[in-house]
Amino acid sequence: MPSFQTSTLLLTALLAIGLVFFLRAASKDRTTVVDVASPRPPLEVLEGLSAWLVQRGWAPQGGDADRQVLRFQGRVAASPPLSLLLSFLGSIGAGSLGLVIRELQPSLGWWPLLLALLGPLAGVIYRKRADRIEAVEIRLMNEVDQTQGSTIRLRAHRDELIALELELAGPLDLASDGSLLSSPI
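Residues numbered from 1 in each chain as written. Predicted model: local features only at pLDDT ≥ 70, side-chain atom pairs only at ≥ 80, totals over all residues. Heavy atoms only, no water.

Caption draft 1: Structural view of the overall build of the protein chain. Helix and strand content of the protein chain: five helices and five strands. Taking 2.2 N^0.38 as the reference for a compact globule, 185 residues should give roughly 16 Å; the C-alpha atoms of the protein chain span a radius of gyration of 24 Å, well beyond that estimate. Overall size of the protein chain, expressed as C-alpha extent along the three principal axes, is 80 × 30 × 25 Å. A total of 185 residues make up the protein chain; the buried ones form 31% of that total. Counted over contacts in the protein chain with a minimum sequence separation of 6, partners at least 24 positions apart contribute 70%. Element-wise, carbon and sulfur atoms account for 63% of the exposed surface of the protein chain, whose accessible area totals about 11200 Å². Between the centroid of the 17 positive side chains of the protein chain and the centroid of its 18 negative side chains there is a distance of 12 Å. (Helix = DSSP H or I, 4+ residues; strand = E, 2+ residues; numbered from the N terminus. Rg over C-alpha atoms; globule rule 2.2 N^0.38 Å. Buried < 20%, exposed > 50% of the residue type's maximum accessible area, 1.4 Å probe, protein only. Contact = heavy atoms within 4.5 Å. Areas by Shrake-Rupley, 256 points an atom, 1.4 Å probe, with all protein chains shown as cover. Lys, Arg positive; Asp, Glu negative; His and termini not counted. Charge placed at Lys NZ, Arg CZ, Asp CG, Glu CD.)

Caption draft 2: The sheet that holds strand 4 (residues 132–140), seen in detail. Read from one edge to the other, the open sheet built from five strands follows the order 1-5-4-3-2, with strand pairing classed as antiparallel. The open sheet is flanked by strand 1 (31–38) and strand 2 (59–64), the only strands paired with a single partner. Going across the sheet, the axis of each strand differs from the next one's by a mean of 20°, ignoring polarity. Note: strand 4 against strand 5 (residues 150–157), four bridges, orientation antiparallel. (Pairing = 2+ DSSP bridges. Axes fitted to C-alpha atoms, helices over the stretch in contact; angles between N-to-C directions.)

Caption draft 3: Seen up close, unusual backbone geometry. With a phi close to 55°, Q68 is a non-glycine residue in the positive phi region. Topologically, Q68 is positioned in the loop between strand 2 and strand 3 (69–76). Phi is positive for D173, which is not a glycine, with a value near 55°. Take D173: it is sitting in the segment after helix 5 (158–168).

Caption draft 4: Just the packing of aromatic side chains, in detail. Across all of its chains, the model carries zero aromatic pairs by this definition. Across the ring face of W110, the terminal group of R102 is positioned such that the distance to the ring centre comes to 4.0 Å. (Phe/Tyr/Trp six-rings, centres within 6.5 Å; stacked < 30°, edge-to-face > 60°. Lys NZ or Arg CZ within 6 Å of the ring centre and 35° of its normal.)

Caption draft 5: Representation of the side chain of E137. Along the polypeptide, E137 turns up in strand 4. A distance of 3.4 Å separates a polar atom in the side chain of E137 from a polar atom in the side chain of R71. Excluding anything up to four places from it in sequence, E137 contacts R67, V69, L70, R71, R153, L154 and R155. (Polar contact = N/O pair within 3.5 Å; in protein donor to acceptor, adjacent residues only side chain to side chain.)

Caption draft 6: The arrangement of the layout of surface pockets in detail. Within this model, the largest pocket holds a volume of roughly 450 Å³. What lines the largest pocket is a set of 20 residues, among which A16, L19, V20, G90 and A94 lie closest to the centre. Every element with two or more residues in the lining of the largest pocket is listed here: helix 1 (3–26), helix 3 (80–104) and helix 4 (121–130). Ranked by the residues each element gives to the lining of the largest pocket, the list is headed by helix 1, at eight residues. By volume, the second largest pocket amounts to about 390 Å³. Along the wall of the second largest pocket there are 20 residues; nearest its centre are V76, E134, H157, D159 and E160. (1 Å grid on protein atoms, 1.4 Å probe; cavity = no way out; pocket = protein on both sides within 12 Å on 5 of 7 lines; lining within 4 Å. Points joined across faces, edges and corners; volume = space filled by probe spheres on them.)

Caption draft 7: Just a nonpolar patch on the surface, in detail. A cluster of nonpolar residues, L10, L11, L14, I17 and F21, forms a patch on the protein surface that exposes about 520 Å² of accessible area. On the secondary structure map, L10 appears in helix 1. (Patch = residues over 30% accessible without salt bridge, like charges linked within 9 Å, V, L, I, M, F, W, Y side chains within 5 Å. Salt bridge = Lys/Arg side-chain N within 4 Å of Asp/Glu carboxyl O.)

Caption draft 8: View of empty space enclosed by the protein. Under the defined criterion, the tally for this structure stands at one cavity of 30 Å³ or more. Reported here for the largest cavity is a volume of approximately 30 Å³. Lining of the largest cavity is provided by V36, L164, E165, L174, A175 and S176. Here the residues of the lining of the largest cavity are counted per class, giving four nonpolar, one polar and one charged. (Nonpolar A, V, L, I, M, F, W, Y, C, P; charged D, E, K, R; others polar.)

Structure below.
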């Protein structure tokens, strides 16, 4: 096998591996727990958080009064543009694999190019895995009847916690350790 065919086959295999890992990462569960503090009374902070979550489309799912927990639930939809992009990239990658197979086995004719028809499967897989029900859990870490200061533990998707920190840090005087807003790189 000539070196250009070997390198093309290797690059096509790497493209397929990259697509698989991208699909896994795009639909991965990123639930995170963060503690936030506020100098405001707990009821004021809980009401502000609840109103903000309801405004964003989260539905209250009750809670546990003994553990001082509120739960919200919402459906997270897959991104249609990302689904189309993955379908397009999958088609190009599968078509490239078909071209490589055709070069390696000319006796197959142009039939290996039909692999490009499997490309949209990448978008379908992404949509099925990314379209799910997510939950937000708010737990008050101190007593409700306190008039000064509150500490709250939030358990939710990382992106939702970042949005919460960016939008409510000022109005509710929320403060966390800042780890959500710092880049891991």
